[in-house]
Structures are given as structure tokens and as C-alpha cells.
Amino acid sequence: MDLMVIDIWLIIEKLALVAIVVSISLLIAMYSTYAERKVAAYLQDRRGPNRAGPFGILQPLADGGKLFFKEEIIPLTSSKFLFVLGPALAMITALMTSAVIPWGGTLNWFERNISLQIADINIGVLYIFGVISLSVYGIMIGGWASNNKFSLLAGIRGASQMISYELAMGLTLIALLMLTGSLKMSVIVEQQINGPWNIVYQPLGFLVFFICALAETNRTPFDLPEAENELNFGYHQEYSSMKLGFYLFAEYIAMFISSAIMATLYFGGYDIPFVNESSLSASIGHNLVTILGGFALLLKVSFFLFVFIWIRWTIPRFRYDQLMNLGWKKLIPLALFNMVITAVVILLLDK
Amino acid sequence: MQALTDKIKVLERKPMTIGERLYLPAIIKGMLITFSHLFKKRPTISYPEQKRYFPSVWRGVQILNRDEEGRERCTACGLCAVACPAEAITMEGAERMPGEEHLYKEEKYAAKYEINMLRCIFCGLCEEACPKDAIYLSQTFAPANYHRKGFIYDKQDLLIPHPIEEPDRYKQALGERATALKQKAKTSEEESMDN
Ligand code: SF4
Ligand code: SF4
């Protein structure tokens, strides 16, 4: 009975991978807060945090410690269960997408082929979409449960913004999927390793995807749910201590994950640029190439993170009607156009 | 309406061209501008390690002066307190007893002398009012403190180090004033000689 045999090593392997991926995501999110402050400072001719440890690299720890020791306030009139659920949901959904991203190829250890992807499901891209659209619940529930006008407004804003931009994002992905013919993340990366990156075929699609990713992660210029000047602090106004920390943190994790998704879908994932992987692995060994590939992915991700931050400290926030105009009247037609053109070209070339 | 100056620049409000309406070129331009700031020199002075230079005329925290033998010069006349617009100075006078001549220059001295650094506006009027050259504003500032109490500087905080017992610290506290004073003395000597 082969079916009943549970591969205990597979479970251990996956558990270890989950632990590693989650802790790496948390670590990178932690250090993106540091990067955010440092880059912001350097773009503004300041120095940024430089007191905690050399170059201030312990700053995220200090910030986290501070948040932990702050008083936790749950407003009397809030709906308590949902109030706690909000940040938890934001955090969970932000982390869940990391499951289907291929962080690298396979490692050959102890005569096992260990894949650096937690779950290679055949609807990878759809799964990501499902989870990302869940993330709006974190904002909405938090905003609603706080029983505060501003939070509620911010929550509604967040929801409508996400829905609007998800449409355009989905349309660009359709164009991409027509090209790859598979929803499996590993297959998409495999194709890019053997051929050119998808960005070559889909520059317009990538642009739209990138703008939508900014909107989905609530980053400037689309951070309307936390527009201080009109909504005080937005959906996390009533939050304090680590619950607030979770919200802020979830934004950085979402940033990290969406950078990873962009790198995977359009920039070849763990493909090392200008290098032929198979010939390289013949010369320096398969495992080493896999690890290098993982680093290549991380490099691409860091580049995108930098661009996210760079944009934040350059462009001011959109007005709400501008946001909606851009989403519905510009990006969706653009994405549709991109989709149609891609379809026509594919049909003509008869791929 | 008649223009008041000839510097008026009339802006034309044209509808935006397609290139402008795309926003992306403008956004990229803006991003390049911010990027160029990554490599600019930062004007920050990292305070505890680096210190800003204060010139000799800087009006910093007050110092109560001693004469060459180390005697306190202040005679508790109260002129500085009268001159002080912020009413930051409090003092109590006392009579010099026999045997204390090496401590105080005049027959009357300040037993208590306090300046409230939270009130002081560092105007330097106390220095100007003093007939005994007993108080002057130094080249440092009052450092931060955790309590209000800590900002009320008493005589021990204000007194300059003893010139004979601690000549190095005395010189340091004197700052560039030492050379400035010497030069002043020299020029006044020359002037008197000229006269
Ligand atoms: S510097 Fe001005 S304000 Fe300060 S103690 Fe002297 S006279 Fe008063
Ligand atoms: S510091 Fe000068 S003005 Fe003030 S009490 Fe002493 S001698 Fe008088």
C-alpha cells in the first residue's frame, strides 16, 4: 500500500522549509523597515538611524522592543474579537503567499531532491491572487472593529482600492498566462531559465502589474487607507503596541512577497542572469548553483524593495478620485489592450 | 489692475500634452532627482562625536571668573541680576571673614549664586553689567538634563576651575577668551602708550 505510506522525511523537510521561509520573510521585513528609514534619510540628505549598533543595524530590534513594551489598548466600544483578529489576519495573509513562491531550484542532500518551494501547486498564481485579495480583510476588519469614523473610512477606502486594482492586475496576469500556458510557478520560472525573461514579452504588462502591486501593498502613492492628513492615522488609528506593529509589519512583508512575485513572474525568479545554469552546475555542482540562484532571487527582490521605497520618498499621495480614475479608466483599459495584443500576437505566431 | 513690479511672470495654463498626461516621464524625472541626492554630501554634524565650532564671541553657558591667584572675583553687587531681562540670576551675599582672603577677592562675596538655565536667554547682559569681570558667557552650552532641578546651576557648577591647582582645565574653560583677553590687554596698553 504505497498510498498509505506517509513520507515522514517529506513532512520534516517541508516543516523546516516553512520555518526557514517564514523567518527569512520576517527578517527581511524587519530590515526593510530599517532600509526604509535609511533610504529615506539618504534621499533627503540626512543620515538616518545610526545609534543602535554599528550603522544602526540594531534599530529594528529596538523598534520592535519598544512596540512590545507599549501599553495595549483595546477601546471599550470596539468589537473585541474582530479588533484582535484584524492585525492577525493582515499578518497571516501577508505570510501565506510565500508558500508557492519557488525560492530556488532543488538541493541534492542525502539522496533526496529537496525542492526550495513549499508547495508546488498547479494553481500557484491563482492561489496568490486568492490570498492577496484576502489581505483586504485585515484592513477592513481592523477599521470596522475600532468603532472610529476615520478607521471605518480608511477600511472602506482600502477595500475599494484593492478591488479596483486587483482587476487590472488580474488582466495583466491573463496576458502573462497566455504566454506561459501554466499557472504553476515552478513551470513559469523553468521557462524563463531556458528562454528570455517574461519582461521582454510583457513590458507593458509588467508596468501595470507593478503599479497595481504598489496599490495592493498600500504603499505611497496609493497609501490612502493611512492618509494622515485626512484620516488621522487610517485603519490602525485605535491600535497600539504590537497589534499596531503587526499592521505595520504586514505591510513590509506584503512588500517583500510582492517583490518576490514580480521577480518570479517577470524577472526569471531564481534564474542567474547571463549564465547558463546547466553548464554551470556541471562545473561547480548542482547544490551550489541552487544556492546562488536563491541569492539571485533575493537580489532581485532587494532591488524591487528599493524601488518601492524610492517611489515612496519621491511621489506624493494621490487624491482619492485620481486613484479611482487611474485604476478604472487607465489601468484596466491598458491591461485589456495588453491582453488583446498578446493574444493576437500569439495567434499570429501560432505558438 | 496696475502691476506693482515688473517682475510678474504670467503663467500660461495650457491643457497638458499627451506626454505630460502620461505622468510617467515626470515621475521618472522626479525619481532621478531624489536618486541623485543619494550621493550628495550630508550637512549633518554627528553631535557627540563631532562638535560644531563655537566662535569666541559665542554666548554660551555662564562662567564665574577667578583672578590669577584663584580668588573669586564676584562681589555679590547684584548688578547682573538687575540687568538680567529673564530674571534668571539669584544670589546671596556674605562678608569675607579674616583668613578667607585667599578665597575671595573683595570684602563681600556671593555665598550663593544660581542661574536658572531654563530662564536664561543667553543675551549676555550679565557679562556687560558686571563691574568686576566676574561673569562671562563661555563657548559651550548647557547640556540636556532629565530634571528641571538639574538646570539650576549653582556656584559650584558655574565657577571656573582654579588657575593654579588645575591650570589645564582652567585654560580649557577660558577657551579662546584667554588669547582674546591677552590681545585686548595688549591693544589697550598700546593705546594708552599712544596716548
Ligand atoms: S545671559 Fe542674559 S538672561 Fe542669561 S543670566 Fe545673563 S543677563 Fe540673564
Ligand atoms: S557677577 Fe558681577 S555683577 Fe554679578 S554680582 Fe558678581 S560682581 Fe556683581
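Given the structure is predicted, the values throughout are model-derived calculations rather than measurements.

Criteria and cut-off values
Residues numbered from 1 in each chain as written. Chains lettered and ligands numbered in written order. Predicted model: local features only at pLDDT ≥ 70, side-chain atom pairs only at ≥ 80, totals over all residues. Heavy atoms only, no water. Helix = DSSP H or I, 4+ residues; strand = E, 2+ residues; numbered from the N terminus. Buried < 20%, exposed > 50% of the residue type's maximum accessible area, 1.4 Å probe, protein only. Contact = heavy atoms within 4.5 Å. Rg over C-alpha atoms; globule rule 2.2 N^0.38 Å. Areas by Shrake-Rupley, 256 points an atom, 1.4 Å probe, with all protein chains shown as cover. Lys, Arg positive; Asp, Glu negative; His and termini not counted. Charge placed at Lys NZ, Arg CZ, Asp CG, Glu CD. Patch = residues over 30% accessible without salt bridge, like charges linked within 9 Å, V, L, I, M, F, W, Y side chains within 5 Å. Salt bridge = Lys/Arg side-chain N within 4 Å of Asp/Glu carboxyl O. Near = heavy atom within 4 Å. Nonpolar A, V, L, I, M, F, W, Y, C, P; charged D, E, K, R; others polar. Buried area = accessible area lost by both parts, 1.4 Å probe. Polar contact = N/O pair within 3.5 Å; in protein donor to acceptor, adjacent residues only side chain to side chain. Pairing = 2+ DSSP bridges. pLDDT = per-residue confidence, 0-100. Phe/Tyr/Trp six-rings, centres within 6.5 Å; stacked < 30°, edge-to-face > 60°. Axes fitted to C-alpha atoms, helices over the stretch in contact; angles between N-to-C directions. Parallel < 35°, antiparallel > 145°, perpendicular 65-115°, else oblique. Left-handed = near helix turned anticlockwise from the far one by under 90°.

### Describing the overall build of chain B
Line of reasoning, step 1. Scanning chain B for helices and strands turns up seven helices and five strands.
Line of reasoning, step 2. Helices and strands appear in chain B in the N-to-C order α-α-β-α-β-β-α-β-β-α-α-α.
Line of reasoning, step 3. Counting only residues that meet the buried cut, chain B has 30% of its 195 residues in that class.
Line of reasoning, step 4. In chain B, of all internal contacts separated by at least 6 residues, the share reaching a separation of at least 24 is 71%.

### A look at the overall build of chain A
Line of reasoning, step 1. Secondary structure summary: chain A contains 13 helices and two strands in total.
Line of reasoning, step 2. Its C-alpha atoms give chain A a radius of gyration of 21 Å, within 12% of the compact-globule value 20 Å for 351 residues.
Line of reasoning, step 3. Put simply, 79% of the contacts in chain A that link residues at least 6 apart link residues at least 24 apart.
Line of reasoning, step 4. When the accessible area of chain A is evaluated, it comes to approximately 16800 Å², of which 72% is carbon and sulfur surface.
Line of reasoning, step 5. Within chain A, one finds 22 positive and 23 negative side-chain charges whose respective centroids are separated by 10 Å.

### Structural notes on a nonpolar patch on the surface
Residue and element names in this part refer to chain A.
Line of reasoning, step 1. Nonpolar side chains collect at one region of the surface, where Phe-337, Val-340, Ile-341, Val-344, Val-345, Leu-348 and Leu-349 lie side by side and expose about 680 Å² of accessible area between them.
Line of reasoning, step 2. Within the secondary structure, Phe-337 sits in helix 13 (residues 320-349).
Line of reasoning, step 3. When its relative accessible area of 49% is taken as the criterion, Phe-337 is described as partly exposed.

### Section: the site of ligand 1
Line of reasoning, step 1. Neighbouring ligand 1 are the residues Gln-62, Cys-84, Pro-85, Ala-86, Ile-89, Cys-120, Ile-121, Phe-122, Cys-123, Gly-124, Leu-125 and Cys-126 of chain B.
Line of reasoning, step 2. Residues belonging to the shell around ligand 1 are distributed by class as follows: ten nonpolar, two polar and no charged.

### Section: the site of ligand 2
Line of reasoning, step 1. Residues in contact with ligand 2 amount to 14 residues; listed here are only the nearest, Cys-74, Cys-77, Gly-78, Cys-80 and Cys-130 of chain B.
Line of reasoning, step 2. Within the shell around ligand 2, the residues separate by chemical class into eleven nonpolar, two polar and one charged.

### What about the interface of chain B and chain A?
Line of reasoning, step 1. Contacts between chain B and chain A engage 16 residues on the former and 14 residues on the latter.
Line of reasoning, step 2. Around 1500 Å² of area is buried between chain B and chain A when both sides are counted, 64% of it from carbon and sulfur atoms.
Line of reasoning, step 3. Contact with chain A buries surface across chain B, with Met-31, Thr-34 and Arg-42 of chain B losing the most and accounting together for 38% of the total.
Line of reasoning, step 4. Remark: the boundary between chain B and chain A carries one salt bridge.
Line of reasoning, step 5. A salt bridge links Arg-51 of chain A to Glu-49 of chain B, with the shortest nitrogen-to-oxygen separation between them at 3.2 Å.
Line of reasoning, step 6. For the pair chain B and chain A, the number of links is six residue pairs in polar contact (both at pLDDT 80 or more).
Line of reasoning, step 7. Of the residues that constitute the side of chain B that touches chain A, the class distribution is eight nonpolar, five polar and three charged.

### Let's talk about the pattern of salt bridges
Side chains carrying opposite charge are able to pair once their charged atoms draw close together.
Line of reasoning, step 1. Here the structure, examined in full by the defined rule, presents 13 salt bridges over all chains.
Line of reasoning, step 2. Here Glu-92 of chain B makes a salt bridge to Lys-112 of chain B, at a shortest N to O gap of 3.8 Å. With Glu-92 of chain B in strand 2 (residues 89-95) and Lys-112 of chain B in strand 3 (residues 108-116), this residue pair connects regions lying 20 residues apart in the sequence.
Line of reasoning, step 3. One connected set of salt bridges, linked through shared partners, spans Glu-36, Arg-219, Glu-251 and Arg-312 of chain A.

### Considerations on the sheet that holds strand 2 of chain B
Line of reasoning, step 1. Taken in spatial order, the three strands make up an open sheet running 2-3-5 (chain B), and their pairing is antiparallel. The open sheet is flanked by strand 2 and strand 5 (152-153) of chain B, the only strands paired with a single partner.

### A short note on the confidence of the model for chain B
Residues and elements named next belong to chain B.
Line of reasoning, step 1. Per-residue pLDDT for chain B has a mean of 83; in total, 90% of the residues score no lower than 70.
Line of reasoning, step 2. Ranking the helices and strands of chain B by mean pLDDT puts helix 3 (residues 79-83) first, with 92, and helix 7 (residues 177-194) last, with 60.
Line of reasoning, step 3. This prediction of the complex comes with two scores: 0.77 for pTM and 0.73 for ipTM.

### Some words on the packing of aromatic side chains
Line of reasoning, step 1. Evaluated as defined, the whole model comprises 24 aromatic pairs over all chains.
Line of reasoning, step 2. Measuring from centroid to centroid gives 5.0 Å for Trp-310 of chain A and Phe-35 of chain B, while their planes differ by 45 degrees, and the two rings are tilted. Taken together, the positions of Trp-310 of chain A in helix 12 (residues 286-312) and Phe-35 of chain B in helix 2 (residues 24-36) put the pair across two chains.
Line of reasoning, step 3. On the basis of relative accessibility, which here comes to 27%, the residue Phe-35 of chain B falls in the partly exposed class.

### Quick notes on the pairing of strand 3 of chain B
Residue and element names in this part refer to chain B.
Line of reasoning, step 1. As paired strands, strand 2 and strand 3 are joined by seven bridges and run antiparallel to one another. By the bridge assignment for strand 3, Thr-90 is matched with Glu-114.
Line of reasoning, step 2. Note: strand 3 against strand 5, two bridges, orientation antiparallel. Among the inter-strand pairings, Asn-116 is bridged to a residue of strand 5, identified as Ile-152.

### Side note on the packing of helix 8 (residues 203-216) of chain A against helix 13 of chain A
Geometrically, a packed helix pair is captured by the angle between its two axes and the distance between the axes.
All names here are of chain A.
Line of reasoning, step 1. Interhelical geometry of helix 8 versus helix 13 gives an angle of 150 degrees and a closest axis separation of 9 Å. The angle between helix 8 and helix 13 falls in the class roughly antiparallel. When the axes of helix 8 and helix 13 are compared, the crossing they make is left-handed. Across the interface between the two elements, Leu-204, Gly-205, Val-208, Ile-211 and Cys-212 of helix 8 pack against Leu-326, Leu-331, Leu-334, Ala-335, Phe-337 and Asn-338 of helix 13.

### Examining the packing of helix 1 (residues 8-43) of chain A against helix 12 of chain A
All names here are of chain A.
Line of reasoning, step 1. Contact geometry of helix 1 with helix 12 gives a least axis separation of 10 Å together with a crossing angle of 45 degrees. Here helix 12 runs oblique to helix 1, going by the angle between their axes. With respect to the hand of their crossing, helix 1 and helix 12 are arranged in right-handed fashion. Residues Ile-28, Ser-32, Ala-35, Glu-36, Val-39 and Leu-43 of helix 1 touch helix 12, and the partners they reach there are Leu-298, Leu-305, Phe-306, Ile-309, Trp-310 and Arg-312.

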